[in-house]
Each structure stands twice: as C-alpha cells, then as structure tokens.
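Structural features, examined
Residues per chain are reported as follows:
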Amino acid sequence: MDNLTALLKDINANPLVDRSFTWPGAASPIPMRQVLHFVGSCGLFTREGRPSRVLLTPEARHFLETGDTDYLIALLHAHVRFFGETLESIGEGLTYNELHQNAIAAYGLNWKSLDQVRRRVHWMRGTGLVECWTNGKIVPTDDGQALLARLSLVRPSDLESQRQAAANLPAELPEAPRLLAERLDSVTEEELQARKRVLGYLAGGASMAALSRLVDAAAAGLSRNEIIQFSAETFEVSKSSAEQSLNTLQGLDLLAQVGPDRFAATDLAVEWLTSGEAVDLIRHLHLSLALLGETLDALESESDSGTLTAVLAEKYPTSDLTRKDVTARVALLVETGLAERLGNVTRRTALGTTLAISLPLQKSHNVRRDSVPSEVGTAAAEVGQGLPLAGQLAAEVVNASTDSANYQRFERALAKAFRYLAMDVEVHSGPAKTDLVVTLWLSPTSRRRIAVEAKTDGAGLVTDQDVRFMRLSEHRARHQADHSVLIGPGFDIRVFREASKEDVAVLTAKQLAETIVRHSETPLYPHELAPLLLTGHADALEQTWSETERRTEALALVVNAMWNSANDPVDIEFGAGALDVRDIWRETKSLLETPLDKKEIEEALAFLSSPCVAGVVKRGTDHTITAPPALIASRLRSLASTIEAKAVGTESHGNAPTNRIAAPSDLSNASLRKTDPPSNDIEPAQVRAWAKAEGQPVNTRGRLPESLVRQYKRAHGLSAD
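Residues numbered from 1 in each chain as written. Predicted model: local features only at pLDDT ≥ 70, side-chain atom pairs only at ≥ 80, totals over all residues. Heavy atoms only, no water.

Tallying secondary structure elements over the protein chain gives 35 helices and 18 strands in all. Long-range pairs, those at least 24 residues apart, make up 62% of the contacts in the protein chain between residues at least 6 apart in sequence. Total accessible area computed for the protein chain in this model is approximately 36,000 Å², and 51% of it derives from carbon and sulfur atoms. (Helix = DSSP H or I, 4+ residues; strand = E, 2+ residues; numbered from the N terminus. Contact = heavy atoms within 4.5 Å. Areas by Shrake-Rupley, 256 points an atom, 1.4 Å probe, with all protein chains shown as cover.)

Okay, structure coming up:
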C-alpha cells in the first residue's frame, strides 16, 4: 500500500511517462514505462497526449485523498477478473492450491501456476481483508466479510448461462462489399497456400482503431515520408518502426504503391473503411494472412494457444505457424469480436462461427490418423518435411480419444506419446489385460510400473458405467504394476470420486497433449514427469517446469549481461569487462518481474565456467565471458549431439524429444540412429528384461525362441511378421 501511494503521488506531481521512478526503499530507479506495464489496466490511470503522459483517474484521486482501502479493492474488482470472487471463494478458509483449483474448475481460468492467485491474495492481505494462518489456510477477516457483502460478484452459474446464450444466439453476418465478395469467390487454393505467415509489426498494434487511422490517412495518397511521419507522431513510435509498419500494410494489401514515392489505400481497403465492419477487415486480411480464417474455424471449442497451434499443425503441416503466429491471429480475432477469451483459453463467438462457415478455407492436409510418427529416430526427417513431431503427437492423442469406433488408435497414440516422454511402453490390450504398461526409469535402483487404462468416447465424456474399477486392481497384479492411471477425453464427476477411493489417477487426453507440447519446449526427466501419472494432476508439474524454465532464462540473461559488459567501452575502461555477482544482478534485475537471486546467478556462472562449456573465466570474484553468446550456444549444441551419438542403443529406456533444426548431416545419417529395434534386429537384453518382468521363463544366454520374440514385438506395438 505504501508503494502504491508513493506511485500515485509521484504521477500526480509529474505525469510524464518517459522518465524514471524509484520505489520506496529501492536503491536505484527504473523506467516509469516499466512500472506502468507491471501495474496494467486496473482503473487507476489513463494515457493521453504527446509527449506521452499518464494521468490519475478520478477514482485514483479519491483513494489518494481518502486512503479508503475498501474503495481501492472495489475499484480493482471492477477491472480485474476473479478479484472479489477470490474473496468469496475463500469461504471459511482455503489453501493457495485449493483456491487455484477453484479458479480453474468454477471460473475457467486455466492458470498454470499459483502466481495469479497469490497476487490477488497479497493485495487483500495488504488491505487487511484476509489473513494467512500457519496451517497454510487463507482466512477472511471481519473486514473482508463486510466488504464481500457490498461487492457485485460474478458466479459460475452466470458464466455458464452466458456460454449457453452465446452458443444459441444466432448471428447475422453483414454482406460483404462487392469487390471483396468477388475476390473471396475467385480466390484459388494456390493463392491461399501462398499467403504470408508473419503478421508483421503495425504501429498502434493490430487493432481496428489503429488500422483504420493508418489506412484512412493514406486513402487519398501520401508520400513515404508523410506516412512515416504520420505513424510516428500518431502512435509515438520511432521512424524506423513506422517504416516497418508501412511494409506490413503493403504486405496485407491494405496499402499499395501508386507512384515513385506515393502510396494509397487499395480498393478493397477502401471498401472496408466505407463499411466499417470488423468482419470485412478479417475477410480482407484472410486473403493475405496465412490460416487466419482457418484459425477461426479451429476455435470451435475452447482452446489455448498451444493446443490450437498443434491442431493447425496437424491440419496444415506445411504452414509452419509458430505459437507466436497463432497467438497474434487469436488476438486479432478477439479484438474484432469474432472470438472471446475465457481465462487462458479462447473460443469463437456466434458471429465468428457464422463468418468461419462463409470463408473460403485452405484445404486441410489429409493425414492418416493412425500414421502419426511414433519415434524420435524419425524426428530429423520429419523436421526436414516441415512436420512438427510434438504437435502431431499431441493432436493425435486428443483426436483419437474420441474415436470410439477405433479404440486401438487411442492405445497406439498413447504408446507413442509415452515413448516420446522418455518412458518404456508395453502394449498388451485384449481381454483381462490392461491396455498399456508404462515403466518410468527413476534411478538405477528404482522404477515405477504403471498400468494404463485407455477409454474412448465419441461424445468426449467417459462415465462411471464405462469403467470397472475392480478390474484395474486385477490388471495391476497381473502385470506387477504398482499404480494405475485412467486416460480418456473427459470424465464424469463420479469417475473422479470412484478413482479417488480406488487410488487410481485420472488424466484427460488434453492434459497429456499439453504435456507433450510443453515437454518439446522444456524437456523433463521421467522422475520429474512421474507425478503426472501417479496423481493425474497436470499442474503437479508446473513448479518443476517453472523452475527449469527459470534456470534456462537465468543462463541466457547472465550470458547476455556479460557479453554486453565485455563490449561496453565504459565497462572495459573501469573493469576490463568483468562482472561479479552483484554487477550481474544489477544488470538483469529490471528484465524480470522477480529478479534473479544470488544463488541463481552463481549456478549459471558455475555451469558456464565448467571445462566442457568454458564460456566464462573466473578471476577472484569477477567473471569474464570468453566468446559471443551464439558461439557458446553452438558449443552446447555440440555437446548435446555428442551425447546423443554415444547414446545409441539406450533408447529402450525412453526417447527424449528432438526440438532442434535438423542439419543435412542429420538427415543423411538418420538411418544410423536406433529407435525401436527393427523387426529383424531385436536386442536380446531388452527381450530378456521384458520376459522377466512378465514372469515368463527365458534363457540367460543363447538364441531367443522366435515365439518369445514375436510376443515381445506385439507387446511393444512392432510388426511381428
């Protein structure tokens, strides 16, 4: 509260944005723009003018004058989702984890970590509305209960009724202008496939308002310098950024060059300006921007960016859209009212549904559902063909879970998914057997065997009538497994209750798919992935993922800070380009919401200083970088390649994801890398280990019986011919 009050007073005294601000008790200032970015849209500030200024809202002035914390909380509640609802959800007391689960289950806020819940609770602690007890519970105070009675709250039932109303509300689609309608009717498949992938930079952002001002200004024709000057002044950007924006407008066919140095709005852009309809803008951009209408079409159900990227990758494998590309398209669809956000997921509106049906869409790739690549040994070849392995696997897991006419397809997809996650997989299926047995290699002396029960349902919901929990314990005993996990497209609440009684983990296909995609970006080890199958809670991995990503980010920040210092004339003159831990902390603290601590910096330096990397040299307490960051990264890739090359023959303990770009040598040598044993070259040691685990007699030396080899192949989904 002291920090907020100091910030409001400082802004009230000096509204300029391009200056610095020092928090109470801080040693050094930070840019005011950064402070405002951290605070976000909360009803306290407005922007105006050039030079850019930030002004207090009347509500902020009222709080500053009165110090009324209840008024402040009500203001934040009016602008921030799940704020007052947090106070209501606490009830008589909840832990952070319980509150997080309620936000997900009741309000559809698919937050991946506890950060958002913690921030809301910290504000309420700071204003005396809640207390944190030693038993881990967050408990409302009398003041909190009193304020809660005065707030207008959104309840889960309200959200559900809104969703149902939106689903049933018919949407009338405005008729397309004449030229635009003709262009949409005549567009060819080749033209759709040739659309540009990257949206590009736009001064003022990819919004209706910004695009309208830019195109309208150039409608009658302007010179290059006039357009750049207009963009720079209107949106307070540099001239180089304004020129980049001009190039984007040309690429989107909104502006065209009409003379040696003059540009004007295209005929189709003028039609959109005249109609003023958001759907006409999207219709127009759909003709130039790859998979824009196709993204709208794929938003039939609620999806996050990762899942949506995987779905588009499966349908249009040659498009190469990145998650960033998809996020930009979704933001544009939301801004134009064709889609809406629900927490971390997005779905199209009724108007978006009507528009998606009317647009000419690129033909989707006719991929055989049961031919999704299963092994990492083929990853290099697939990268060469533009097929994203993780995205394909994730999409297949989700799609196969609802293919109830072909339950074996789902079993195959799960087997491939678990192998991708570096786990040993045995495929059993059949009467009185479990579908799969997954073995997690945790250490040389520790392994966990998990019986996997796969359930498909065409409607996407498995009920308690579909699951016989008594048989799951029999399956565990038969296969000497110590745990069971139930996987399907979705489950009735009664399934979760029964599973809890029987100590069976429940996992949805979507949760597993999201794990695959994130694992491809930040791989986890089997012992780190174990909670996913032992508890069925995908969020149980969130802390491990966050810590791993944090260490990776720390490494990158340390390298870049040291390289910048090694090339700064002032740093070189006064310190020879060397930095100690405190110097690195000072250089990086403004780049993260939670600055790196001493231990994180020391761990990064220790790794970089190791003989294998040799990217940093330590002299006393100072450290000096030895090479450019790109070259250090190249050495790390070389180390990874060497480890992979020496690891041939160990893949039976699981395959790690390959998410690097394949070099030509990778493709030519792909045949030298072992994945699953070829049908005529089974590793005897693998067969003997499997037979022993299955309780089957097997000789310790000599030739293996052909019948045993065939059983092994069938159990692992290999051809037994």
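More follows now that the structure is in view.
For H428, the position within the fold is in the loop between β12 (424-427) and β13 (436-443). By relative accessible area, H428 is classed as buried at 16%. Among the polar contacts listed, one links the side chain of H428 to the side chain of E426, at a separation of 3.1 Å. (Buried < 20%, exposed > 50% of the residue type's maximum accessible area, 1.4 Å probe, protein only. Polar contact = N/O pair within 3.5 Å; in protein donor to acceptor, adjacent residues only side chain to side chain.)

Let us now look at unusual backbone geometry. A positive phi is found at L291, a non-glycine position, where the angle reads about 60°. Of note, L291 is situated in the loop between α16 (278-286) and α17 (292-298). Of note in this structure, D503 is not a glycine but carries a positive phi near 60°. Among the structural elements, D503 can be located in the loop between α25 (493-502) and β16 (505-508).

Here the focus is helix α1 (residues 2-13). Between its terminal C-alpha atoms α1 stretches 17 Å, which fits the 16 Å expected from twelve residues at 1.5 Å a residue. Within α1, burial applies to L4, L7, L8 and I11. Looking straight down α1, one finds its buried side chains confined to an arc of 95°; they lie on one side. Across from the buried face of α1, at angles greater than 90 degrees, the exposed residues are D2, K9 and A13. (Expected span 1.5 Å × (residues − 1). Arc of directions from axis to C-beta.)

It is worth spelling out the environment of T544 at this point. The residue T544 is located in helix α28 (residues 542-566) in this model. Sequence-wise, T544 and L529 are 15 residues apart; in three dimensions their C-alpha atoms are separated by 9.0 Å.

Time to look at the sheet that holds strand β15 (residues 483-488). In any sheet, the strands associate via hydrogen bonds between backbone groups, in a parallel or an antiparallel arrangement. Pairing in this open sheet of five strands is mixed, and the strands run β12-β13-β14-β15-β16 from one edge to the other. The sheet terminates laterally at β12 and β16, the two strands that pair on one side only. Geometrically, the sheet is characterised by an average inter-axis angle of 25° between neighbouring strands, direction not taken into account. In this sheet, strand β14 (residues 446-454) lies alongside β13 in antiparallel orientation, the contact comprising seven bridges. Across the sheet, the residue bridging to L436 is V452, located in β14. Along the sheet, helix α26 (residues 509-521) contacts β15 and β16; its crossing angle with β16, the most-contacted strand, is approximately 70°. (Pairing = 2+ DSSP bridges. Axes fitted to C-alpha atoms, helices over the stretch in contact; angles between N-to-C directions.)

One pass over the full model with this rule turns up three aromatic pairs. Ring centres 5.1 Å apart and planes at 55° place the aromatic pair F82 and Y107 in the tilted group. Of this pair, F82 sits in the loop between α4 (69-79) and α5 (84-90) while Y107 sits in helix α6 (residues 96-107), and the two are 25 residues apart along the sequence. For F82, a relative accessible area of 3% gives the class buried. Taking the centre distance of 6.1 Å and the plane angle of 80° together, the rings of F491 and F496 count as edge-to-face. Taking relative accessible area as the criterion, F491 reaches 9% and is therefore assigned buried. By relative accessible area, F496 is classed as partly exposed at 38%. One cation-aromatic arrangement involves R118 over Y96; the distance from NZ or CZ to the ring centre is 5.5 Å. (Phe/Tyr/Trp six-rings, centres within 6.5 Å; stacked < 30°, edge-to-face > 60°. Lys NZ or Arg CZ within 6 Å of the ring centre and 35° of its normal.)

What follows concerns the confidence of the model for the protein chain. In this model, the protein chain carries a mean pLDDT of 82, and residues with pLDDT of at least 70 account for 86%. Overall, residues 366-388 carries pLDDT values under 50, and its contacts beyond four positions in sequence, including any with other chains, amount to 48 contacts. Taken as a whole, residues 648-680 scores under 50 in pLDDT and shows 60 contacts with residues more than four places along the chain or in a different chain. (pLDDT = per-residue confidence, 0-100.)

Moving on: the sheet that holds strand β7 (residues 222-223). Taken together, the three strands give an open sheet; going across it, the order is β7-β9-β8, and neighbouring strands pair in antiparallel fashion. Here the strands that pair on one side only, and so sit at the sheet edges, are β7 and β8 (255-257). Sheet topology note: the β7/strand β9 (residues 262-265) ladder contains two bridges and is antiparallel. Counted as the bridge partner of S223 is R262 from β9.

What follows is about the pattern of salt bridges. By the definition in use, this model includes 24 salt bridges. Between E98 and K137 there is a salt bridge, and its shortest N-O distance comes to 3.4 Å. A residue pair is termed long-range when its members are at least 10 positions apart, and E98 in helix α6 and K137 in the loop between β5 (130-132) and β6 (138-140) qualify at 39 residues. E98 sits in the partly exposed class, given a relative accessible area of 35%. A relative accessible area of 27% places K137 in the partly exposed class. Across the salt bridge formed by K501 and E498, the nearest N and O atoms sit 3.6 Å from each other. With a gap of three residues between them, K501 and E498 both fall in helix α25, about one helical turn apart. (Salt bridge = Lys/Arg side-chain N within 4 Å of Asp/Glu carboxyl O.)

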